[in-house]
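Tertiary structure, described
Each chain is listed here by its residues.
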Amino acid sequence: MNFLICTIVRNRAQRLPMWEQQLTDLVEACPNDYFELSVYENDSEDNSAEMLGTAFDYAGFEHVRIMNERLNTPYFGSVQDMDRVQLLANARNNCLDYPNLTKFDKIIFVEPDVQYETSQALEIM
């Protein structure tokens, strides 16, 4: 099966090592599947952008695309706000602005601050 994993990132440097390890574990658990990764980062004030570009080897991914933008959008915490929802939707759409989406059987969004067991992700997949 062909998978595109998408992630949006803003100010998640502390969580990125866990995110990358979980993705590596997931890809390693599926040796017969094909994986690509699309990451969209914007407006981070920590070192998220730098980490995404240099700190990880993204083992097992056939292709990795990391997009960074400085949009100067307001930062929202975990609150219900229509502007926040619109910004998240825009970020996810940017992550999906990816060549030849039709080659993927499934597209999965994996947030960088969600901790999960590989077996749980495999069940969902």
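Here's what I pulled together on the structure shown here. (Residues numbered from 1 in each chain as written. Predicted model: local features only at pLDDT ≥ 70, side-chain atom pairs only at ≥ 80, totals over all residues. Heavy atoms only, no water.)

Quick notes on the sheet that holds strand E4 (residues 106–109)
The strand order across the open sheet formed by 4 strands is E3-E2-E1-E4, and the pairing between neighbours is parallel. Strands at the two margins of the open sheet, each flanked by one partner only, are strand E3 (63–69) and E4. In this sheet, adjacent strand axes meet at a mean angle of 15° when their direction is disregarded. With 7 bridges connecting them, strand E2 (residues 34–42) and E3 associate as parallel partners. By the bridge assignment, Glu 36 is partnered in E3 with His 63. Its contacts with the sheet place helix H3 (residues 82–96) against strand E1 (2–9), E2, E3 and E4, and it is angled at close to 140° to E1. (Pairing = 2+ DSSP bridges. Helix = DSSP H or I, 4+ residues; strand = E, 2+ residues; numbered from the N terminus. Axes fitted to C-alpha atoms, helices over the stretch in contact; angles between N-to-C directions. Contact = heavy atoms within 4.5 Å.)

Concerning H3
Side chains three or four residues apart in an α-helix point the same way, a direct result of the helix having 3.6 residues per turn. Taking 1.5 Å as the rise per residue, H3 with 15 residues should run 21 Å; its terminal C-alpha atoms sit 21 Å apart, in good agreement. Sitting at the head of H3, Asp 81 places a side-chain oxygen 2.8 Å from the backbone nitrogen of Asp 83. (Expected span 1.5 Å × (residues − 1). Polar contact = N/O pair within 3.5 Å; in protein donor to acceptor, adjacent residues only side chain to side chain.)

Quick look at the pairing of E2
By the criterion of burial, E2 is predominantly enclosed, with 8 of the 9 residues buried. Two strands pair when backbone bridges link them, and E1 and E2 are joined in this way by 8 bridges, in the parallel orientation. Paired with Cys 6 across the bridge in E2 is Ser 38. Running through helix H1 (residues 16–28), the crossover from E1 to the neighbouring parallel element E2 is right-handed. (Buried < 20%, exposed > 50% of the residue type's maximum accessible area, 1.4 Å probe, protein only. Right-handed = clockwise from strand over helix to strand, strands pointing away.)

Thoughts on the side chain of Asn 11
Inspection of the secondary structure puts Asn 11 in the loop between E1 and H1. At a separation of 3.3 Å, a polar atom in the side chain of Asn 11 contacts the main-chain amide nitrogen of Asp 46. Not counting chain neighbours up to four residues away, the residues in contact with Asn 11 comprise Asp 43, Ser 44, Glu 45, Asp 46, Ser 48 and Tyr 75.

Quick look at the nonpolar core
A general feature of soluble globular proteins is that nonpolar side chains tend to end up buried together. Core analysis: the largest hydrophobic core is formed by 22 residues, its most contacted members being Ile 5, Trp 19, Leu 23, Phe 35, Leu 37 and Phe 61. The greatest single-element share of this core, amounting to 5 residues, is contributed by H1. Ignoring anything within four residues of it in the chain, the contact list for Trp 19 reads Thr 7, Leu 37, Val 39, Leu 52, Phe 56, Tyr 58, Val 110, Glu 111 and Pro 112. Grouped together as the second largest cluster of nonpolar side chains are 8 residues, Cys 6, Tyr 40, Ala 91 and Cys 95 included. (Core = buried A, V, L, I, M, F, W, Y, C linked by side-chain atoms within 4.5 Å.)

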